[in-house]
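For reference, the chains in residue letters:
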Amino acid sequence: YNLYLDKVEALGLNKDNVYRFIRGHELEEKIVMPLLECLKFKILNAEISAIESENHRSITIKEETKKKINNFFSNKLDLETIICNDYSFKEDYIFNKIKEKFSNALET
């Protein structure tokens, strides 16, 4: 093992630049997307819990709101599209709110 590490380091590969040699699509598929999906559902559950805890709303309004939130997260929040295909949204207010929620979810 150490001999292999020595050979690899002699070629210039080290812990600070190894990311350059990782196959990005595999990293995305096996690490990034599962992590983002996990965070997505963590945020979804937090949003649903917040709706459920509101006392001033009727049960009908709560159920309708939860249905809309579930619909958005299931049908419209396509993480792959967001991270791979569109860069125009990066200064958008809604994007920044979503990004903030993902950052907060990572901290908890």
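Parameters at a glance
Residues numbered from 1 in each chain as written. Predicted model: local features only at pLDDT ≥ 70, side-chain atom pairs only at ≥ 80, totals over all residues. Heavy atoms only, no water. Helix = DSSP H or I, 4+ residues; strand = E, 2+ residues; numbered from the N terminus. Buried < 20%, exposed > 50% of the residue type's maximum accessible area, 1.4 Å probe, protein only. Contact = heavy atoms within 4.5 Å. Areas by Shrake-Rupley, 256 points an atom, 1.4 Å probe, with all protein chains shown as cover. Patch = residues over 30% accessible without salt bridge, like charges linked within 9 Å, V, L, I, M, F, W, Y side chains within 5 Å. Salt bridge = Lys/Arg side-chain N within 4 Å of Asp/Glu carboxyl O. Axes fitted to C-alpha atoms, helices over the stretch in contact; angles between N-to-C directions. Parallel < 35°, antiparallel > 145°, perpendicular 65-115°, else oblique. Nonpolar A, V, L, I, M, F, W, Y, C, P; charged D, E, K, R; others polar. pLDDT = per-residue confidence, 0-100.

Concerning the overall build of the protein
Across its full length, the protein carries 5 helices and 0 strands. Start at the N end of the protein and walk to the C end: the helices and strands fall as α-α-α-α-α. Each of the 108 residues in the protein was classed as buried or not, and the buried ones make up 20%. Considering only contacts within the protein whose residues lie at least 6 apart along the sequence, 57% involve residues at least 24 apart. Total accessible area computed for the protein in this model is approximately 8,900 Å², and 56% of it derives from carbon and sulfur atoms.

Digging into a nonpolar patch on the surface
On the surface, a cluster of nonpolar side chains totalling about 500 Å² of accessible area is made up of Val18, Tyr19, Ile22, Leu27, Ile31 and Val32. When you line up the elements, leucine 27 lands in helix H2 (residues 24-53). We classify leucine 27 as partly exposed; its relative accessible area is 34%.

Digging into the packing of H2 against helix H3 (residues 59-76)
Direction vectors running N to C along H2 and H3 enclose 170°, while the axes themselves pass 10 Å from each other. Here H3 runs roughly antiparallel to H2, going by the angle between their axes. Taking contact as the criterion, the partners of Lys40, Ile43, Leu44, Glu47, Ile48, Ile51 and Glu52 in H2 are, on H3, Lys62, Thr65, Lys66, Ile69, Asn70 and Phe73. Looking at the contact of H2 with H3, its residues break down into 6 nonpolar, 2 polar and 5 charged.

A look at the confidence of the model for the protein
Model confidence for the protein is summarised by a mean pLDDT of 81, while 87% of its residues fall at 70 or above. The element-level mean pLDDT for the protein is lowest in helix H4 (residues 79-84), coming to 68, with helix H1 (residues 2-10) highest at 89.

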